[in-house]
Structure formats: structure tokens, C-alpha cells
Amino acid sequence: MLEIESYLESQRKRVDKLLAKYLPPRPKLPSELYQAINYSVKSGGKRLRPILTLATGEMFNADRRYLEPTACAIEFIHTYSLIHDDLPAMDNDNFRRGKPTNHKVFGEAIAILAGDALLTYAFEVIATRIKNSSLVRQLVSEISQAAGGAGMVGGQGLDIRFARGTTKSRDNDTFYTKMPLMKTAALIKTAVTCGGIIADIPDRLMAHLKTYGQDIGFAFQLKDDILDGIDGQKAENYLMKSQKLVVHAKRAIQHLGEKSKILQSLADYIIIRQI
Ligand code: GRG
């Protein structure tokens, strides 16, 4: 097994344990809502975003008591986005991660509520588990902007606009750059940024990390489209673009030397991954 694959496997197990620890407390929730949340949070997935938060923070010796709930909060937001994206009003998917989608098992109404609860709960975890109010403010500000209308949700809005319009009505720059940067890269970038925020790194270094996070986030979406089956010249173009982004991402952090080894390998993984 490649070194990065065994690293990812061990980190995935670690994140799975943390997610179980930080899940909303069962007795407080209506049972069907709890089950729907539990079903999607525990249905696997690569756990890339929380792994990035942990890896970035640990690179700068950030406090794990803050890193771990934040990493989970970001995965809760990612999980909510997948539940809502699969709904009939959006992508109308029957399967996710090889299992029936949340609404197929629990019905649309509960799936919508499970997503809503996960999004809200993510911020509750940060506000209640992190005993440093300045840090809570910074994290809430960072994550809410990345996940909201000017970030992931806005990117989904653009995607829907394009899906409803004609190909001719597409403004290329918005479709090929702005939309993936908002829909996908924003949350991946924030996963990296939050690691830096918790480690309280200087602004200049943060700027480099943000470049890294945005570039790998964009490359991740391009690779996702390639894995989804685009072909021909378009696939070639996406491949070249994603490779360039990864080179650029790695260059942004190369001055950190040996310390940046894991983030360098994670950048490579973004485009070599097969799932
Ligand atoms: C519906 C609010 C809302 C947002 C939707 C994230 C998203 C925006 C939609 C999901 C569909 C999709 C293909 C989005 C692009 C981002 C992406 C590739 C998500 C899948 O992320 P992975 O591959 O999923 O990390 P796993 O299953 O590994 O966690």
C-alpha cells in the first residue's frame, strides 16, 4: 500500500471515532431524526475535509482539543450538503457511497431536517466544545462564509442555474471557474484554513495555506468530474488543469520543507485517487 493510502486509512479510522464522539446526543433528538443523521454521518466517505483540518493544525502543533471538534463540524456540514444534494429537488440520486440515499431510507421531510440539523449542529459543536471565545468567533466566521451563499450553497445555486439554462447562456468563466471554486473548493479551503486558525499562524503563512487549500479544492472537483465519466478532449483539459493546480498548491507550501510533507502528499492524492 502507498504511504499516503495507509496514512489516509488510519486518519479515516480516527475521524470515524471522533465523529461518533461528537454526534448530537441521542436522547435530545426525535429518534427518526437521530437515525437519519447517524445513517449519513456513519456511511463512510473519504473524510478528506476533517483529515485536512487535522493535518494542517498538527503541522503547527495546534491544540487537539480544538482541532478535533472543528474537523468534525466541517464533516457534519459536508454530510448535510450531500444529503440535500441527493434530494429529488436537487440531483435526485438514489445511492450515495454505495448505499440508498438518506431520503430513500427516511423520506424527504426527514432528510431535509437531518441536513438542517447537521448544519446547525456543526456550529453548536464549535461554540460549546471550544473554550476560547476569540477562536470560536474566528472559526464561525470562517466556516459560515465558506459554507453559505457566497461559498458552497452559492456554488450549488450557480450549478442549478446552469443546469436549467441552455449551454449557450453559460458564461464560461462563471461555469468553469467560479462555480467549482464556490461549490467544492470553498469548504476544502476552509478545512485547511481552520487548521491554521487554531494553530494561530501568522497572516503571511495563512495566505499560503489558503492558496494551497483553494487549489487542491478546485483540482478535487476537476478530478471528480473526470471520475464521473467526462471523456475526450474535455477530460484531457481537466486532467491538465488539475495537475497544474496541484503543482501550484504544492509550491505555495514548499518553503515549509519537511513539515509540509503530509500536505504535499495529500495534494498528489487529490488527482491520483480513483474514488
Ligand atoms: C445542497 C447545500 C448543498 C450543497 C451542495 C457539496 C455539494 C454542494 C454537492 C454534492 C455533490 C457534489 C458532487 C459536489 C461537488 C463536491 C463533491 C465532489 C462532493 C463529494 O465529496 P467527497 O468525494 O465525498 O469528498 P465523500 O463521500 O468521500 O465524503
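Our subject is the structure that appears above.
Summarised in this report is the structure supplied together with it. Because the structure is predicted, anything quoted here is derived from the model rather than measured.

Procedures and definitions
- Residues numbered from 1 in each chain as written.
- Predicted model: local features only at pLDDT ≥ 70, side-chain atom pairs only at ≥ 80, totals over all residues.
- Heavy atoms only, no water.
- 1 Å grid on protein atoms, 1.4 Å probe; cavity = no way out; pocket = protein on both sides within 12 Å on 5 of 7 lines; lining within 4 Å.
- Points joined across faces, edges and corners; volume = space filled by probe spheres on them.
- Helix = DSSP H or I, 4+ residues; strand = E, 2+ residues; numbered from the N terminus.
- Nonpolar A, V, L, I, M, F, W, Y, C, P; charged D, E, K, R; others polar.
- Buried < 20%, exposed > 50% of the residue type's maximum accessible area, 1.4 Å probe, protein only.
- Contact = heavy atoms within 4.5 Å.
- Core = buried A, V, L, I, M, F, W, Y, C linked by side-chain atoms within 4.5 Å.
- Expected span 1.5 Å × (residues − 1).
- Polar contact = N/O pair within 3.5 Å; in protein donor to acceptor, adjacent residues only side chain to side chain.
- Phe/Tyr/Trp six-rings, centres within 6.5 Å; stacked < 30°, edge-to-face > 60°.
- Lys NZ or Arg CZ within 6 Å of the ring centre and 35° of its normal.
- Near = heavy atom within 4 Å.
- Areas by Shrake-Rupley, 256 points an atom, 1.4 Å probe, with all protein chains shown as cover.
- Axes fitted to C-alpha atoms, helices over the stretch in contact; angles between N-to-C directions.
- Parallel < 35°, antiparallel > 145°, perpendicular 65-115°, else oblique.

### A few points about empty space enclosed by the protein
Move 1: On inspection of all chains with the given rule, the structure shows 1 cavity of 30 Å³ or more.
Move 2: Space inside the largest cavity adds up to approximately 90 Å³.
Move 3: If you go around the largest cavity, you meet 13 residues; those closest to its centre are Ser40, Ser43, Asp86, Arg96 and Asn102.
Move 4: Only α2 (31–41), α4 (64–85) and β2 (99–100) provide two or more residues apiece to the lining of the largest cavity.
Move 5: For the lining of the largest cavity, the element with the highest residue contribution is α4, accounting for 3 residues.
Move 6: Of the residues that constitute the lining of the largest cavity, the class distribution is 4 nonpolar, 5 polar and 4 charged.

### Focus on the environment of Met59
Move 1: Among the secondary structure elements, Met59 is positioned in helix α3 (residues 48–59).
Move 2: For Met59, a relative accessible area of 8% gives the class buried.
Move 3: Ignoring any residue separated from it by four or fewer positions in sequence, one finds Met59 in contact with Leu256, Lys259, Ser260 and Leu263.

### With respect to the nonpolar core
Move 1: The biggest cluster of nonpolar side chains holds 79 residues, and the ones touching the most others in it are Leu52, Phe76, Tyr212, Leu263 and Leu266.
Move 2: Beyond its immediate chain neighbours, meaning those up to four positions away, Phe76 contacts Leu19, Tyr22, Leu23, Val41, Leu118, Tyr121, Ala122 and Val125.
Move 3: Counting residues in hydrophobic clusters, the runner-up holds 5 residues, among them Leu158, Phe162, Met179 and Met182.

### A few points about helix α9 (residues 172–199)
Move 1: Taking 1.5 Å as the rise per residue, α9 with 28 residues should run 40 Å; its terminal C-alpha atoms sit 38 Å apart, in good agreement.
Move 2: Of all the 28 residues making up α9, 20 are buried; the element is thus mostly covered by neighbouring parts of the structure.
Move 3: The N-cap of α9, judged by a side-chain oxygen 3.1 Å from the amide nitrogen of Asp173 a few residues on, is Asp171.
Move 4: Trailing α9 by a residue or two, Asp200 shows a phi angle of about 55 degrees, which is positive.

### Quick word on the packing of aromatic side chains
Aromatic ring pairs: the centre-centre distance and the angle between the two ring planes describe each pair.
Move 1: Considering all chains together, one arrives at 4 aromatic pairs under this definition.
Move 2: A ring pair is formed by Phe76 and Tyr121, whose centres lie 5.7 Å apart and whose planes are at 50 degrees; its orientation type is tilted. Of this pair, Phe76 sits in helix α4 while Tyr121 sits in helix α6 (residues 108–129), and the two are 45 residues apart along the sequence. Like Tyr121, Phe76 is buried.
Move 3: The ring centre of Phe162 lies 6.0 Å from the NZ or CZ of Arg161, which sits over that ring.

### Observations regarding the site of the ligand
Move 1: Inspection of the region around the ligand gives 18 residues, with Lys46, Arg49, His78, Asp85 and Arg97 positioned closest.
Move 2: One of the side-chain N or O atoms of Arg49 is found 2.8 Å from an oxygen atom in the ligand.
Move 3: Considered on its own, the ligand offers 690 Å² of accessible surface; in the complex 91% of this is hidden by protein.
Move 4: The set of elements that each furnish at least two residues to the shell around the ligand consists of α4, α8 (152–164), α9 and α10 (203–227).
Move 5: Considering every element that reaches the shell around the ligand, the biggest residue donor is α4, with 6 residues.
Move 6: The residue makeup of the shell around the ligand, split by class, is 5 nonpolar, 7 polar and 6 charged.

### Topic: the side chain of Glu68
Move 1: By the secondary structure assignment, Glu68 is in helix α4.
Move 2: Glu68 gets classed as buried once you look at its relative accessible area, which sits at 15%.
Move 3: Other than its neighbours up to four places away in sequence, Glu68 contacts Arg14, Leu18, Tyr22 and Leu54.

### Let's talk about the layout of surface pockets
Move 1: Its volume calculated, the second largest pocket comes out at about 220 Å³.
Move 2: Lining the second largest pocket are Glu142, Gln145, Ala146, Ala150, Leu181, Met182, Ala185, Ala186, Lys189, Thr193, Lys210 and Gln214.
Move 3: Taken together, the elements giving at least two residues each to the lining of the second largest pocket come down to α7 (133–147), α9 and α10.
Move 4: A total of 6 residues in the lining of the second largest pocket trace back to one element, the largest contributor, which is α9.

### Digging into the side chain of Ser43
Move 1: Along the chain, Ser43 turns up in the loop between α2 and α3.
Move 2: The residues touching Ser43, leaving out its near neighbours within four places in the chain, are Arg97 and Lys99.

### Brief notes about the packing of α2 against α6
Move 1: Two numbers describe how α2 lies on α6: the axes approach to 9 Å, and their chain directions differ by 70 degrees. The angle between α2 and α6 falls in the class roughly perpendicular. Residues Glu32, Leu33, Ala36, Ile37 and Val41 of α2 touch α6, and the partners they reach there are Ile110, Leu113, Ala114, Ala117 and Leu118.
Move 2: Classifying every residue of the contact of α2 with α6 by side-chain character gives 9 nonpolar, no polar and 1 charged.

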